[in-house]
Amino acid sequence: MRVLTASDRAVLVECADLDETMRMHRAWAGMPGVLERVPGARTVLVRFDPLVTSAARLARALVATDADAAPPASGAEVTVPVRYDGDDLTEVATLLGVSAQEVIRRHRAARWTVAFSGFAPGFGYLVCDDPLFEVPRRASPRTRVPAGSVALAGRFGGVYPRESPGGWQLIGTTDAVLWDVHRDPPALLSPGTVVRFTVAERDAGPSDVPGVVSGVSGASAADRCVGPRPADAGPDDPRVPTSALVVVNPGLQLLVQDRGRPGLAKLGVPASGAADRVALRDANRAVGNSPGSAVLEGIGPAALRFHGDGVAAVTGAVAELTVTGADGRVRAVGHSVPFAVADGDELQIGAPSRGLRFAIGVRGGVRMPAHLGSRSTDTLSGIGPAPLQPGDEVPVGDTAPLAVEPARLPRELPAPGDLVVLDVTLGPREHWFTPDSVRTLSEQEWLVTPRSDRVGIRLQGERPLQRAIRDELPSEGAVDGAIQVPADGQPVIFLPDHPTTGGYPVIGALTDAARDLAGQLPPGVRVRFRVVSPPFDQ
């Protein structure tokens, strides 16, 4: 085994093959200092607590571990009906040197098994007994792959549980529901499950064909979002929470966020949570909440009306802030300053002048339903409250454990055109790139493009990064802040809703301290990476 740097808080362990990967993943359970283990095709990503252990100490413990040679038990068998209508079916057939009909026939005849989960909730990496299926990924990933897409990449097959970015080759579609938090277990395709693909009837629905589970992906419509106030609601209507935020204008995006769901990456569940953890902490501190209380995270301009009296604060991105009372009077409020609100007051947040995302903390915290231990909205997987829309009412708690705090000194956040320096560690796949490209990563300025979101920041540089190794990289775990490089050579910085595994090489990763600033980079900001430590490897 070889241990490589994945970030300043994670290592990536290379194993001999998929079998050893699975055995070592099981053997490292409960190791001191280990927070999370994410298996891949030939690797295990190990995230650790730097207050308990170090990369060097952890590496010695990992390679010294003896693993049980017994194979895991096989799971149940699932049938997945497929319409073989994928956009890449003809290209896949050409790559494999057979006809499209032969691809379909052998895809159906093969016995597929879920080796491990990752990328997104409900996404199972399938291996089969037919050596035909070895398909390269697309040179540039699609920004949106439809839910239910049946795909191939490398030696693996898979089915996209919901719409998401992806670089796999698409050969068909299915109506099967791959992930449902209200189902036990939530994933249809869990590790060890045997999968058989069949031809679906064109007019079949989710409840009409074998192997398809009826339901919805993610939380149900009833608890994903508190809807608009009933038209006939009075001031004491039991259908309306005592204290609430009413969305007047959600801006470009308005989400519920807290500290997220760390520790579930092996199930394909991103950590999610606030893109700027400092803004989350400062908003809760200002209004007296516990540090992990849920807030609203958005991109302005936006507006909210308060139902009931309370205390609020706006942190993160800097913008003009005003409150209009029920009597029409307008007053300005300060950034990061706790301010009192009365029933009917409306908060207006202007377009950000510096930074990108604001956080609104309200005393008592946002009280949306929790899923998998968090109230956070995960935009990649759809877990948690749906993005808020005009008229939605968001309940607010009625107690907080701490006193409100005065404002702290404002942070220096960037505006479009500014140059930002982000600290990075190299690895785990910097050796996949030419020496010149490794230098280019830190010497060249990179532009933040508008094609960025909570999944990742897409960068554009004058000189794309060139690979020294052009092989397909088997899917492996990736951390928040990973700098992944698709075949076009333009890097993508992973943010909280990123896929938990991927097959494009990661040249480096932001340090933990740099991740919050990355969440505040608006399009047009220039980025320079600063390598702060050499890669660790053993």
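Note: the structure precedes this text.
What counts as what
Residues numbered from 1 in each chain as written. Predicted model: local features only at pLDDT ≥ 70, side-chain atom pairs only at ≥ 80, totals over all residues. Heavy atoms only, no water. Buried < 20%, exposed > 50% of the residue type's maximum accessible area, 1.4 Å probe, protein only. Helix = DSSP H or I, 4+ residues; strand = E, 2+ residues; numbered from the N terminus. Arc of directions from axis to C-beta. Pairing = 2+ DSSP bridges. Axes fitted to C-alpha atoms, helices over the stretch in contact; angles between N-to-C directions. Contact = heavy atoms within 4.5 Å. Salt bridge = Lys/Arg side-chain N within 4 Å of Asp/Glu carboxyl O.

## Some details on helix α7 (residues 435-443)
Phase 1 of the analysis: Of all the positions in α7, only S437, V438, T440 and L441 are classed as buried. In an axial view of α7, the angular spread of the buried residues amounts to 155°, which keeps them on one side of the axis.

## What to know about the pairing of strand β22 (residues 346-349)
Phase 1 of the analysis: Of the two faces of β22, the one holding L347 and I349 is buried and the one holding E346 and Q348 is not buried anywhere.
Phase 2 of the analysis: Of the pairings in the sheet, the one linking strand β17 (residues 302-307) to β22 comprises four bridges and is antiparallel in character. What sits directly across from R305, in β22, is E346.
Phase 3 of the analysis: As judged from the four bridges shared by strand β19 (residues 321-324) and β22, these two strands associate in the antiparallel manner. Residue pairing for β22: T324 is matched across the bridge by E346.

## Here's the deal with the pairing of β19
Phase 1 of the analysis: A two-sided burial pattern is seen for β19, the buried positions comprising L321 and V323 on one face and T322 and T324 on the other.
Phase 2 of the analysis: Relative to strand β20 (residues 330-332), β19 runs antiparallel, the two being bridged by three bridges. When the sheet's bridge partners are listed, T322 is paired in β20 with A332.
Phase 3 of the analysis: Between β19 and β20, which pair antiparallel in sequence order, lie five residues; one of them, G328, sits at a positive phi of approximately 90°.

## Some points on the sheet that holds strand β16 (residues 295-299)
Phase 1 of the analysis: Spatially, β15-β16-β23-β18-β21 is the arrangement adopted by the five strands of the open sheet, whose pairing is antiparallel. Here the strands that pair on one side only, and so sit at the sheet edges, are β15 (253-257) and β21 (339-341). Pairwise comparison of adjacent strand axes, ignoring direction, gives a mean angle of 30° for this sheet.
Phase 2 of the analysis: Where strand β18 (residues 310-318) meets β21, three bridges bridge the pair, whose relative direction is antiparallel. In the strand pairing of β21, G310 is matched with V341.
Phase 3 of the analysis: Here helix α6 (residues 277-287) sits on the sheet in contact with β15, β16, β18 and β23 (354-362), set at roughly 155° to β18.

## Here we look at the sheet that holds β20
Phase 1 of the analysis: Spatially, six strands are ordered β20-β19-β22-β17-β14-β24 in an open sheet, and the strand pairing comes out antiparallel. The open sheet has two edge strands with one neighbour each: β20 and β24 (393-395). Here the strands of the sheet are splayed against their neighbours by 25° on average, with no regard to which way each runs.

## Points about the pattern of salt bridges
Phase 1 of the analysis: Scanning all chains against the criterion turns up 32 salt bridges.
Phase 2 of the analysis: Close ionic contact of D327 with R329 constitutes a salt bridge, the shortest N to O distance being 3.7 Å. The burial state of D327 is the same as that of R329; both residues are exposed.
Phase 3 of the analysis: A single salt-bridge network, built from bridges that share partners, covers R9, R277, D480, D512, R515 and D516.

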